[in-house]
Amino acid sequence: MTEVTDREPPRRRVPGPARPARPDARRRPGPGARPARRPGPARPGAPKPLRLGSPRPRLRLVGLALTLVLIAFVVRLFQVQAVDASTYAAKAEQNRYVGQVLAADRGEITDRSGVALATSEDAYDITADPTMFAPDKLKIGDGPEQAAALLAPILGQEQETLVEKLRPKNKALRYVKLASRQTPQVWKQIKDLKSALAKKEETDKSTHNVLAGVFSVATSKRVYPGGDLAAGILGWVNGEGKPGGGIELQLNKRLAGKDGKIRYAQSGGRLVPTAGSTETPAVPGSDVELTIDRDIQWAAQKAISDQVTESAADRGYVIVQDTRTGQVLAMANSPGFDPNDLSDADPAALGNAALQDAFEPGSTAKVMSMAAVLQEGAATPMTHVVVPNRLHRGDRLFKDDVNHPTWYLTLNGVLAKSSNIGTILATGQLGKTQAQANRVLYDYLRKFGLGRYTGLGFPGETPGILAPPDKWSTSQQYTIPFGQGVSINAMQAASVYSTIANGGVRVEPTLVRGTRGPDGRFTPAPKPEKTRVVSAKTAKTLAQMLESVVDDEEGTGTKARIPGYRVAGKTGTANRVDPATGKYHGYTSSFAGFAPADKPRITVYCAIQNATKGNYFGGQICGPVYKQVMEFALKSLQVPPTGAKPARLPVTFKN
């Protein structure tokens, strides 16, 4: 019988997770395996086993080097972006952008009728980018030389000069001006040549467009349609746009306007408009309207040029003035110059000799002495004056232009026959002493405008020379009354006669009628200053006396007669001071007058310096010029004859 017990039955053994083998545990050899060989001592002479070096030192060295490089970059970046940021920004701005001046359109100069005497036409400044001529750009070393060889004959410049511009010392320079204010035809030549080279370069890779870096900038060029007409008045503007003399210089601020500015980004030598570009528009200059009448100016210039050539004289000038307004209708010089091309101009002919030459007027100045005598009541046109052949005064003997027996002249005859001795005797009556007479005469000369500027404000104008009476030498106090020992310019001389023609009132001469701004508004010139010099009665009497010079057979100005018109005038032949030596040499020949004598409208003054061929007397060579110019002016302005008969004052009296 089976015995029952209270013991639990035995548990089954469950296998646990396998233990990982220890790294150094050796696998036991299985059945049939070859027992592992234990290392024994190294054999003598056997090679030692290789042992690899540790990479950590090398990595540390490379890491240190990279760290230093990065630190250098960080420091440089900090310097560029923080320390020197403004400097580099300015350099970048300078290299990126190009600024150019937008030249303002220069105003025109016109005559009194609006006919252009000086105007501006389209032109081009020829420019270049020197960096585009570098060897790395053109792939050739003589790019500037090849380009200069092509441009020199077109621009009229030396090849070496162009090479210097195309290969500047500043290698970063990207803009140079090769030539200023070239005509459209010049730029077309360059542009066509540039295009031809570009096409050839496309088909033949061995060729190079050496003009690829040449460009143009639109501008304007000064042009004078009349050539040398009124050149002395106008002046000129050179190739750089700078005025030289005349109205161009005097009124440059009004004519020039105000230049503008434009800024473009540049790329490849070309100007490329960008969002960052700025432009300040140019303000055009004002037009200037002169008092000059172009037709009368032409007639005066032709007449004086012909006579200067015929007389083989140094120079001559003619002035035409409106007696009522003081406006200058013509101011001609010979020889002159063409302001369009100064390359062949005589430097001595540049300027305006009619205003810049100071010369002794001679007998045309006697009218001022007679004005003083009449105004002071020292004599009348009928006063008898006995004129000997010689007159001793001071330290010398005085004479007239011709030897003669004693003349028995009226004061009117003294002026008609242009007697130096008679004038000295007449002006001696202006004071109880010669010193007092000198003072009275000086005051009248000043009132007539001598020794002071005319009021034109013209560049280079001379005020002439009139010393105060206490500085007059012994001879001057007797020569000044007949026009020696005192110097004037041609405009002053014309103004004297216009004063008499205007009833004794001097009106400052004017050359400018007004200006017209860019808005089209006309601004008249300020009214000229007026000064009464002598009474209307004295002026009328003087006009009648001046008629005797031309109308009377004994007068010296018969060649100035104009059929149908009453003409008042006076001749002059003065010893001339040679500017080169300062000594008397040759003569100043002149004629001055106005017409119609009884209702004056126009004054004409002519002077010729150092006539060396034929006659040199003022009445003989300037009288015809006066007549030619006066006739033209009267017809041009449609001034009719008055039809009245002249007074015909007596020239002589019976002893």
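Before reading on, note that the structure itself is shown above.
Below is a summary of the structure that appears in this document. These numbers come from a predicted model, not from an experiment.

We now examine a negative patch on the surface. A cluster of acidic residues, Asp228, Asp338, Asp341 and Asp344, forms a negative patch on the protein surface. Examined against the element boundaries, Asp344 turns out to sit in the loop between strand S13 (328-334) and helix H11 (353-356).

Counted according to the given criterion, the structure contains 9 aromatic pairs. Here the aromatic rings of Tyr408 and Phe653 are separated by 5.8 Å at their centres, their planes lie at 85°, and the arrangement is edge-to-face. Of the two residues, Tyr408 is situated in strand S17 (residues 407-410) and Phe653 in the segment after helix H20 (623-636); the sequence distance between them amounts to 245 residues. Using a relative accessible area of 14% as the deciding quantity, one classes Phe653 as buried. Ring centres of Phe591 and Tyr626 lie 4.7 Å apart, and the angle between their planes is 55°; this geometry places the pair in the tilted category.

With that settled, the discussion passes to the side chain of Gln492. Along the polypeptide, Gln492 turns up in helix H17 (residues 490-501). According to the relative accessible area criterion, Gln492 is buried, its value standing at 3%. Polar contacts involving the side chain of Gln492 include one to the main-chain carbonyl oxygen of Gly449, which spans 3.4 Å. Ignoring sequence-local partners within four residues, the contact set of Gln492 consists of Gly449, Leu450, Gly451, Arg452, Thr454, Thr462, Pro463 and Gly464.

Let us look at the nonpolar core. Core analysis: the biggest nonpolar cluster contains 93 residues, and Ile247, Leu290, Met331 and Leu450 have the highest contact counts within it. Among the elements that line this core, the one with the most residues is H17, at 8 residues. Contacts of Ile247, omitting those with residues within four sequence positions, involve Ile109, Ile233, Leu234, Asn252, Leu255, Val288, Leu290, Phe458 and Val512. With 32 residues, the next largest nonpolar core counts Ile304, Val550, Phe591 and Ala595 among its residues.

A cluster of nonpolar side chains, contributed by Leu61, Leu64, Leu68, Ile71 and Val75, occupies part of the molecular surface with about 500 Å² of accessible area. Within the secondary structure, Leu68 is located in helix H1 (residues 56-83). Take Leu68: its relative accessible area is 52%, and that puts it in the exposed class.

On to the environment of Gly483, then. Counting through the fold element by element, Gly483 comes out in the loop between helix H16 (476-479) and H17. The buried category is assigned to Gly483, whose relative accessible area is 0%.

Position of Ile154 among the secondary structure elements: in helix H4 (residues 143-155). Look at Ile154 and you get buried, because its relative accessible area is 19%. In this structure, the C-alpha to C-alpha distance between Ile154 and Gln189, residues 35 residues apart in sequence, is 7.6 Å. Among residues more than four places away in sequence, those in contact with Ile154 are Val186, Gln189, Ile190 and Leu193.

This part covers the pattern of salt bridges. Counted under the stated rule, the structure contains 18 salt bridges. Here Lys177 ties to Asp125 by a salt bridge, and the two come within 3.5 Å at their closest N and O atoms. Taken together, the positions of Lys177 in strand S4 (residues 176-182) and Asp125 in strand S3 (residues 116-128) put the pair 52 residues apart, joining distant regions of the chain. Two residues, Asp322 and Arg324, come together in a salt bridge whose shortest N-O distance is 3.6 Å. Residue classification places Asp322 among the buried positions, given a relative accessible area of 6%. The exposure class assigned to Arg324 is partly exposed, which follows from its relative accessible area of 45%.

So, on to the packing of helix H12 (residues 366-375) against helix H15 (residues 434-447). Orientation of H12 relative to H15, taken along the N-to-C sense of each, is 115°, at an axis distance of 9 Å. You can see that H12 and H15 cross each other, and the crossing is right-handed. Residues Met368, Ser369, Ala372 and Gln375 of H12 form the contact with H15, whose own contacting residues are Leu441, Tyr444 and Leu445. For the contact of H12 with H15, the per-class residue count stands at 5 nonpolar, 2 polar and no charged.

Cis geometry marks the peptide bond from Ser334 to Pro335; its omega dihedral reads 0°. Relative to the assigned elements, Pro335 resides in the loop between S13 and H11. Residue Pro596 is bonded to the preceding Ala595 through a cis peptide linkage, with omega at -15°. With respect to the helices, strands and loops of the structure, Pro596 is situated in the loop between strand S23 (584-595) and strand S24 (602-609). At Ala312, a position not held by glycine, the phi torsion is positive, near 50°. The topology assignment puts Ala312 in the loop between helix H10 (294-311) and strand S12 (315-322). A positive phi angle, near 55°, is found at Ser418, a position not held by glycine.

So, on to the pairing of S12. Summarising burial for S12: 7 of the 8 residues are buried, a large majority. One ladder, built from 8 bridges, connects S12 with S24; its direction is antiparallel. Bridging from a neighbouring strand, Ile319 pairs with Tyr605 of S24. Two strands pair when backbone bridges link them, and S12 and S13 are joined in this way by 6 bridges, in the antiparallel orientation. When the sheet's bridge partners are listed, Val320 is paired in S13 with Ala330. Connecting S12 to the antiparallel partner S13 that follows it, the hairpin turn spans 5 residues, and Gly326 within it adopts a positive phi of roughly 80°.

Here is what the cut-offs are and how they apply
- Residues numbered from 1 in each chain as written.
- Predicted model: local features only at pLDDT ≥ 70, side-chain atom pairs only at ≥ 80, totals over all residues.
- Heavy atoms only, no water.
- Patch = residues over 30% accessible without salt bridge, like charges linked within 9 Å, V, L, I, M, F, W, Y side chains within 5 Å.
- Areas by Shrake-Rupley, 256 points an atom, 1.4 Å probe, with all protein chains shown as cover.
- Salt bridge = Lys/Arg side-chain N within 4 Å of Asp/Glu carboxyl O.
- Lys, Arg positive; Asp, Glu negative; His and termini not counted.
- Charge placed at Lys NZ, Arg CZ, Asp CG, Glu CD.
- Helix = DSSP H or I, 4+ residues; strand = E, 2+ residues; numbered from the N terminus.
- Phe/Tyr/Trp six-rings, centres within 6.5 Å; stacked < 30°, edge-to-face > 60°.
- Buried < 20%, exposed > 50% of the residue type's maximum accessible area, 1.4 Å probe, protein only.
- Polar contact = N/O pair within 3.5 Å; in protein donor to acceptor, adjacent residues only side chain to side chain.
- Contact = heavy atoms within 4.5 Å.
- Core = buried A, V, L, I, M, F, W, Y, C linked by side-chain atoms within 4.5 Å.
- Axes fitted to C-alpha atoms, helices over the stretch in contact; angles between N-to-C directions.
- Left-handed = near helix turned anticlockwise from the far one by under 90°.
- Nonpolar A, V, L, I, M, F, W, Y, C, P; charged D, E, K, R; others polar.
- Pairing = 2+ DSSP bridges.

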